[in-house]
Amino acid sequence: MTIGGLDPYDRLARALGHIAEHHRDAGFVVISGDLTEYAEREAYARLRQALTMLPMPVRLMMGNHDDRDVFFDVFRDHPRDADGYVNHATDLREGRFIFCDTVETGRDEGHFGPGRLRWLTEQLAGCERAFLFFHHNPLHIGDPSADGYSLRDEDQGPLRDLLKANAQKVAYMFFGHVHAPLCGTMSGIAFSGVPSTMMQRIPNLTPAEHTAIGPLEPAYRVVLVRGEDVVIHQIPFAYEGELDWFANT
Ligand SMILES: [Fe+2]
């Protein structure tokens, strides 16, 4: 299967191989959703097999192209919340890393209703420092062709209220879905949208009916939590062009 002439499995495998080679000391790897294109059982099985090349733990998230039932059929022991959403969290020395399931089955826009908001409220109440991960962008990004697929308008307000109440506690927020290296703040909290290992979005800040994506350089990101600081590196793992090497002395 190819998408836009590219093999998504090949790209994923190259990214994972690059991570395994260059970042073996990472605390964990997070894949922020759209684990598959069409949510076939075989696709999840291939993902599970590909992840065995990583020496560190992996945190998986649902995207609008995923299907929870098929996902759980392959990743049977994967953590979920009491309502069956793929909401989970990991406590490390650096803080609590909270992975939020923003998917509404059968819809491309995101949903984070009262039950899931309650879960996140409890997660935040139980820690001193948090890093939040979403699939959908939880705010409008000023690109009309993308904003129709963000977190639902009616869900953004309550989430924003929760973020404001925890602004001193939430160190950083990340989301996927936009296929673009975005950065900014939401309610005073810094966020980053990550690029894709496949196609990248071309920003269009004027009204448009269609979204433009293309085979621009793919990347993953490395997040360094250094004491109270957060540093993010973008890694163009598939680049095969010329490089100049300069001595540091
Ligand atoms: Fe998505």
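All figures in this text were calculated on a predicted structure; none of them were measured in a lab.

1. Some points on the coordination of the iron ion
Then, in step 1: Taken together, D34 (OD), N64 (OD1), H135 (NE2) and H177 (ND1) make up the protein donors of the iron ion, found 2.2 to 2.3 Å from the metal.
Then, in step 2: Taken together, the four donor atoms coordinating the iron ion span angles of 85 to 167° at the metal, a pattern that classifies the geometry as irregular.
Then, in step 3: For the iron ion, the single-chain donor residues occur in sequence as D-x29-N-x70-H-x41-H. Taken together, the residues span a long stretch of sequence, with D34 in the loop between β1 (29–31) and α2 (41–50) and N64 in the loop between β2 (58–60) and α3 (68–74) at a distance of 30 residues.
Then, in step 4: A relative accessible area of 15% places N64 in the buried class.

2. A closer look at the environment of C183
Then, in step 1: Topologically, C183 is positioned in strand β7 (residues 183–186).
Then, in step 2: Here C183 falls in the exposed class, since its relative accessible area comes to 61%.

3. Some words on the nonpolar core
Then, in step 1: In terms of nonpolar packing, the biggest core is built from 29 residues, with L35, L51, L54, L60, F71 and F75 touching the most fellow members.
Then, in step 2: Sorting the residues of this core by element identifies α1 (8–22), β1, α2, β2, α3 and β11 (220–226) as the ones contributing at least two each.
Then, in step 3: If you tally residues by element for this core, the top one is α1, at five residues.
Then, in step 4: Excluding its chain neighbours within four sequence positions, the residues that come into contact with L35 are Y44, L47, L60, M61, M62, D66 and F71.
Then, in step 5: I98, L117, A130 and L163 belong to the second-largest nonpolar core, a separate cluster that totals 24 residues.

4. Comments concerning the pairing of strand β5 (residues 130–134)
Then, in step 1: The buried count for β5 comes to five of five residues, which makes it a mostly enclosed element.
Then, in step 2: Burial along β5 is two-sided: A130, L132 and F134 and F131 and F133, pointing in opposite directions, are all buried.
Then, in step 3: When strand β4 (residues 95–99) meets β5, the two strands line up parallel, connected through four bridges. In the sheet register, I98 faces β5, and the bridge partner there is L132.
Then, in step 4: Regarding topology, helix α4 (residues 114–125) serves as the crossover connection from β4 to the parallel β5, and that connection is right-handed.
Then, in step 5: Pairing of β5 with strand β6 (residues 170–175), which is carried by five bridges, proceeds in the parallel orientation. Along β6, the bridge assignment pairs F133 with F174.

5. Quick notes on α4
Then, in step 1: Between its first and last C-alpha, α4 extends 16 Å over twelve residues, near the 16 Å set by a 1.5 Å rise per residue.
Then, in step 2: Buried within α4 we find R116, L117, W119, L120, Q123 and L124. Within α4, the buried residues cover an arc of 155° as seen down the axis, which keeps them to one side. Those residues of α4 that are exposed and aimed more than 90 degrees away from the buried face are P114, R118, E122 and A125.
Then, in step 3: Residues of α4 that are buried sit in contact with α3, β3 (88–92), β4, β5, α6 (153–165) and β6.

6. Things to note about unusual backbone geometry
Then, in step 1: In this model, D34 sits at a positive phi of 60°, which is unusual for a non-glycine residue.
Then, in step 2: You will see that H177, though not glycine, has its phi angle at about 70°, which is positive.
Then, in step 3: Position of H177 relative to the elements: it lies in the loop between β6 and β7.

7. A short note on the UniProt feature "domain: Calcineurin-like phosphoesterase" (unreviewed entry) in the protein chain
Then, in step 1: With numbering matched to this structure, UniProt assigns "domain: Calcineurin-like phosphoesterase" (unreviewed entry) to residues 8–181.
Then, in step 2: Secondary structure across residues 8–181 divides into 35% helix and 16% strand, with the first and last C-alpha atoms of the span separated by 19 Å.

8. With respect to the pairing of β11
The two faces of a sheet get side chains in turn, since along a regular strand they alternate between them.
Then, in step 1: The pairing of β11 with strand β12 (residues 229–235) spans seven bridges and is classified as antiparallel. In the strand pairing of β12, L224 is matched with V231.
Then, in step 2: In textbook terms, the turn of a hairpin is the stretch between consecutive antiparallel strands, and for β11 and β12 this stretch comprises two residues, one of which, G227, has a positive phi near 60°.

9. Describing the sheet that holds β3
Then, in step 1: Taken together, the six strands give an open sheet; going across it, the order is β3-β4-β5-β6-β8-β7, and neighbouring strands pair in mixed fashion. Looking at the sheet topology across the chains shown, the edges are occupied by β3 and β7. Going across the sheet, the axis of each strand differs from the next one's by a mean of 20°, ignoring polarity.
Then, in step 2: In the packing of α4 onto the sheet, contacts are made with β3, β4, β5 and β6, and the angle to β4 comes to roughly 170°.

10. Quick notes on a nonpolar patch on the surface
Then, in step 1: A surface patch of nonpolar side chains, about 430 Å² in accessible area, is lined by Y239, L243 and W245.
Then, in step 2: Along the polypeptide, Y239 turns up in the segment after β12.
Then, in step 3: According to the relative accessible area criterion, Y239 is partly exposed, its value standing at 42%.

Criteria and cut-off values
- Residues numbered from 1 in each chain as written.
- Predicted model: local features only at pLDDT ≥ 70, side-chain atom pairs only at ≥ 80, totals over all residues.
- Heavy atoms only, no water.
- Donors = N, O, S within 2.8 Å, 3.2 Å for Na, K, Ca; no water.
- Tetrahedral: all angles 85-135°; square planar, octahedral: opposite > 155°, others 65-115°.
- Helix = DSSP H or I, 4+ residues; strand = E, 2+ residues; numbered from the N terminus.
- Buried < 20%, exposed > 50% of the residue type's maximum accessible area, 1.4 Å probe, protein only.
- Core = buried A, V, L, I, M, F, W, Y, C linked by side-chain atoms within 4.5 Å.
- Contact = heavy atoms within 4.5 Å.
- Pairing = 2+ DSSP bridges.
- Right-handed = clockwise from strand over helix to strand, strands pointing away.
- Expected span 1.5 Å × (residues − 1).
- Arc of directions from axis to C-beta.
- UniProt positions renumbered as here; feature names shortened; annotations may be inferred.
- Axes fitted to C-alpha atoms, helices over the stretch in contact; angles between N-to-C directions.
- Patch = residues over 30% accessible without salt bridge, like charges linked within 9 Å, V, L, I, M, F, W, Y side chains within 5 Å.
- Areas by Shrake-Rupley, 256 points an atom, 1.4 Å probe, with all protein chains shown as cover.
- Salt bridge = Lys/Arg side-chain N within 4 Å of Asp/Glu carboxyl O.

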